[in-house]
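A look at the structure
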There are 2 protein chains.
Amino acid sequence: MSYSPKTVTAAVIIIGDEILSGRTKDQNLAFLAEALNEAGVQLRECRVVADVEAEIVAAVNALRVSNDYVFTTGGIGPTHDDITADSIGAAFGLAVDFNPEAVAILEAHYAHTGAELNQARMRMARTPVGAALVENPVSKAPGFRVENVYAMAGIPSVCQAMFHSMKHELIGGDPVRSISISVHLAEGTLANGLSALQDKYPDVGLGSYPFYHDGRFGASIVARSQLPERLAAAADEVRQLMRDLSGEPIEQGDEA
Amino acid sequence: MSYSPKTVTAAVIIIGDEILSGRTKDQNLAFLAEALNEAGVQLRECRVVADVEAEIVAAVNALRVSNDYVFTTGGIGPTHDDITADSIGAAFGLAVDFNPEAVAILEAHYAHTGAELNQARMRMARTPVGAALVENPVSKAPGFRVENVYAMAGIPSVCQAMFHSMKHELIGGDPVRSISISVHLAEGTLANGLSALQDKYPDVGLGSYPFYHDGRFGASIVARSQLPERLAAAADEVRQLMRDLSGEPIEQGDEA
């Protein structure tokens, strides 16, 4: 009997009018994709939604049932457009209130800095009732978790710090390893042979990513699998296919 | 009676395992967000989905009914993992076949370059039956449109060229204009006043985007509206709020 790898999945919800308007380029998706992969968790979908409660609720509820983990980014600050706590509360049918542990963190922080812990800043201590906190080593105001949904900050440096605070909680599956091999051959030249290899290796995903730079077309073939031996065998055959077509495989090394 | 602006919306579906694995950083969302905005079309949602037909179909069908336009990127090349045509066909219940106009484009192109128009490359001429084509000035293999859904290339330079080929087809609404004003004040200091301004200007979206660089926290307040006079009035009050809080407004000029 063949080994069945354990697969653990996640989805990311980027909450942010500023991404949809083109004002800000998202940086959290690329970070989370890579960091989750290292933790043995496969990112399966990402949605970028507007700062509108109904849309956040719909995304959270659609993705939390079909994935092991969901991460939201953005909308946990002190201003009126920070509605992630209310939206996740609504998604779970939970009241949203001041979280005593979060209140204590903010009180200690603002006592230390001397800034006023006003009504707006106190909003950052609101979570769905019963939520666990995610530590924020950068600016203190915490993220939170309800069941399998983690609410993280939108500022990339804070989002990253929060992820490192909580990543030990994630129970990953067998990691997906990948091997990337590029060649200066057109995709259309590789395609028939590659399709035959995909049929031969159903347990290895073979992706073909065309590129165009310095006036030359080429393709990167990325083999991905949770089964290291099958991955290595498929990659060898990809290299041989390239040589058979008079292309020189350009290795990009084993990636995580 | 007050003027009701005309709103036209779009969604983007990024089809790509390579984005979800963290291998590739998406560049098309930021481009489309800005380019659509210039065309008077507001991007309302983006989904990044895996190269899995059922997931692409679900995203296309969810988003095409709730938006005026949908743009997909990726998955229209010659390899086995290019399944956008089949997926959009399935979403609309349309057969997928060789598009005579697309076949003619490919035949002319490969006759010119001398490369072989093999079975794999011919896949790039397949579209849902009745689809209109989107011209590809870079590498010729066209995108296509079915009703309000445009299938574009994933390579950023090709996606951008295709967009410029078809943007005259878009019927935009009243453009959303924005004014961005930054200040070295913490969001929590601005939040109460900003919330009052949001209540006063329901027809202007006031977003607050914290930043942190060179060791200083600050916030960019972005006012967005389809009503230029209301936008200007709200922005004036934001500047005054900042000065009242001893902050110096840093103008980023009027953006498109």
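Every value quoted in this text rests on a predicted model; they were computed, and no experiment measured them.

Notes on the overall build of chain A
Within chain A one finds nine helices and 12 strands. Taken along its principal axes, the extent of the C-alpha atoms in chain A is 70 × 50 × 35 Å. Burial analysis of chain A (256 residues in total) assigns 55% to the buried set. By sequence separation, contacts in chain A at least 24 residues apart represent 71% of the contacts at least 6 residues apart. About 10,800 Å² of surface is accessible on chain A, with carbon and sulfur atoms providing 51% of the total. For chain A, the distance from the average position of its 19 positive side-chain charges to the average position of its 33 negative side-chain charges is 2 Å.

Here we look at the interface of chain B and chain A
Taken residue by residue, the interface counts 59 residues in chain B and 59 residues in chain A. Carbon and sulfur atoms make up 55% of the surface buried where chain B meets chain A, a total of about 4,500 Å² over both sides. In this assembly, chain B and chain A are joined by two salt bridges. Its salt-bridge partner being arginine 44 of chain B, residue glutamate 55 of chain A comes within 2.8 Å of it at the nearest N-O pair. The tally of links from chain B across to chain A stands at 18 residue pairs in polar contact (both at pLDDT 80 or more). Those elements that place two or more of their residues in the side of chain B that touches chain A are helix 1 (17–20), helix 2 (28–38), strand 2 (42–49), helix 6 (119–122), helix 8 (187–200), strand 10 (205–213) and strand 11 (216–225) of chain B. It is helix 8 of chain B that provides the largest number of residues to the side of chain B that touches chain A, a total of eight residues.

Regarding the pattern of salt bridges
Residues and elements named next belong to chain A. As enumerated under the stated definition, the model contains 16 salt bridges over all chains in all. Note that glutamate 169 is salt-bridged to arginine 145, the shortest N-O span being 3.7 Å. Taken as a pair, glutamate 169 in the loop between helix 7 (156–166) and strand 9 (177–183) and arginine 145 in strand 7 (residues 140–146) lie far apart in primary sequence, 24 residues in all. Accessibility expressed as a relative area gives 33% for glutamate 169, which makes it partly exposed. By relative accessible area, arginine 145 is classed as partly exposed at 28%.

What to know about the relation of the copies chain B and chain A
Once chain B has been moved 0.0 Å along the axis and rotated by 180 degrees, it coincides with chain A to within an RMSD of 0.0 Å. Classification of the inter-copy transformation places it as that of a two-fold axis. Among all C-alpha atoms of chain B, that of arginine 47 of chain B lies closest to the rotation axis, at 2.2 Å. When the interface residues of chain B are mapped onto chain A, 100% of them are again interface residues, pointing to one common binding face.

Observations concerning the packing of aromatic side chains
Centre-to-centre distance and the angle between the planes together describe a pair of aromatic rings. Residues and elements named next belong to chain B. Under the defined criterion, the tally for this structure stands at eight aromatic pairs over all chains. Ring plane angle 50 degrees and centroid distance 6.1 Å describe the contact between phenylalanine 71 and phenylalanine 163, whose orientation is recorded as tilted. Note that phenylalanine 71 is positioned in strand 3 (residues 69–73) and phenylalanine 163 in helix 7 (residues 156–166), a separation of 92 residues in sequence. Given a relative accessible area of 0%, phenylalanine 71 falls into the buried group. Here phenylalanine 163 falls in the buried class, since its relative accessible area comes to 1%.

Some details on the packing of helix 3 (residues 53–66) of chain A against helix 4 (residues 84–92) of chain A
All names here are of chain A. Their axes nearest at 9 Å, the elements helix 3 and helix 4 cross at an angle of 50 degrees. By the angle between their directions, the pair helix 3 and helix 4 is classed as oblique. Considering how the two elements wind past one another, helix 3 and helix 4 form a crossing that is right-handed. Two secondary-structure elements touch here, helix 3 through Glu53, Ile56, Val57, Val60, Asn61 and Arg64 and helix 4 through Asp86, Ser87, Ile88, Ala90, Ala91 and Phe92. When the residues that make up the contact of helix 3 with helix 4 are grouped by side-chain class, the tally is seven nonpolar, two polar and three charged.

Here's the deal with the domain arrangement of chain A
For chain A, the domain assignment lists domain 1 (9–169) and domain 2 (177–255). The distance between the C-alpha centroids of domain 1 of chain A and domain 2 of chain A comes to 37 Å.

Points about the nonpolar core
Note that soluble globular proteins tend to have their nonpolar side chains buried in a common cluster. Counting 121 residues, the largest nonpolar core has Leu36, Phe71 and Phe163 of chain A together with Leu36, Phe71 and Phe163 of chain B as its most contacted members. In this structure, phenylalanine 71 of chain A is in contact with Ala10, Ala11, Val12, Ile13, Leu32, Leu36, Tyr150, Met152, Phe163, Met166 and Leu170 of chain A, ignoring residues within four places of it in sequence.

Focus: the pairing of strand 7 (residues 140–146) of chain B
All names here are of chain B. Across the seven residues of strand 7, five count as buried, placing the element largely inside the fold. Pairing analysis gives four bridges linking strand 6 (residues 132–136) to strand 7, with the strands arranged antiparallel. Its bridge partner lying in strand 7, leucine 133 is registered against phenylalanine 144. Following strand 6, the chain reverses through three residues before pairing antiparallel with strand 7. Where strand 7 meets strand 8 (residues 149–152), three bridges bridge the pair, whose relative direction is antiparallel.

Comments concerning a nonpolar patch on the surface
Taken together, Val138 of chain A together with Tyr212 and Phe217 of chain B make up a surface patch of nonpolar side chains, about 240 Å² in accessible area. Relative to the assigned elements, valine 138 of chain A resides in the loop between strand 6 (132–136) and strand 7. Accessibility expressed as a relative area gives 32% for valine 138 of chain A, which makes it partly exposed.

Analysis parameters
Residues numbered from 1 in each chain as written. Chains lettered and ligands numbered in written order. Predicted model: local features only at pLDDT ≥ 70, side-chain atom pairs only at ≥ 80, totals over all residues. Heavy atoms only, no water. Helix = DSSP H or I, 4+ residues; strand = E, 2+ residues; numbered from the N terminus. Buried < 20%, exposed > 50% of the residue type's maximum accessible area, 1.4 Å probe, protein only. Contact = heavy atoms within 4.5 Å. Areas by Shrake-Rupley, 256 points an atom, 1.4 Å probe, with all protein chains shown as cover. Lys, Arg positive; Asp, Glu negative; His and termini not counted. Charge placed at Lys NZ, Arg CZ, Asp CG, Glu CD. Buried area = accessible area lost by both parts, 1.4 Å probe. Salt bridge = Lys/Arg side-chain N within 4 Å of Asp/Glu carboxyl O. Polar contact = N/O pair within 3.5 Å; in protein donor to acceptor, adjacent residues only side chain to side chain. Least-squares fit on C-alpha atoms with pLDDT ≥ 70 in both. Phe/Tyr/Trp six-rings, centres within 6.5 Å; stacked < 30°, edge-to-face > 60°. Axes fitted to C-alpha atoms, helices over the stretch in contact; angles between N-to-C directions. Parallel < 35°, antiparallel > 145°, perpendicular 65-115°, else oblique. Left-handed = near helix turned anticlockwise from the far one by under 90°. Nonpolar A, V, L, I, M, F, W, Y, C, P; charged D, E, K, R; others polar. Domains from an automatic or database assignment. Core = buried A, V, L, I, M, F, W, Y, C linked by side-chain atoms within 4.5 Å. Pairing = 2+ DSSP bridges. Patch = residues over 30% accessible without salt bridge, like charges linked within 9 Å, V, L, I, M, F, W, Y side chains within 5 Å.

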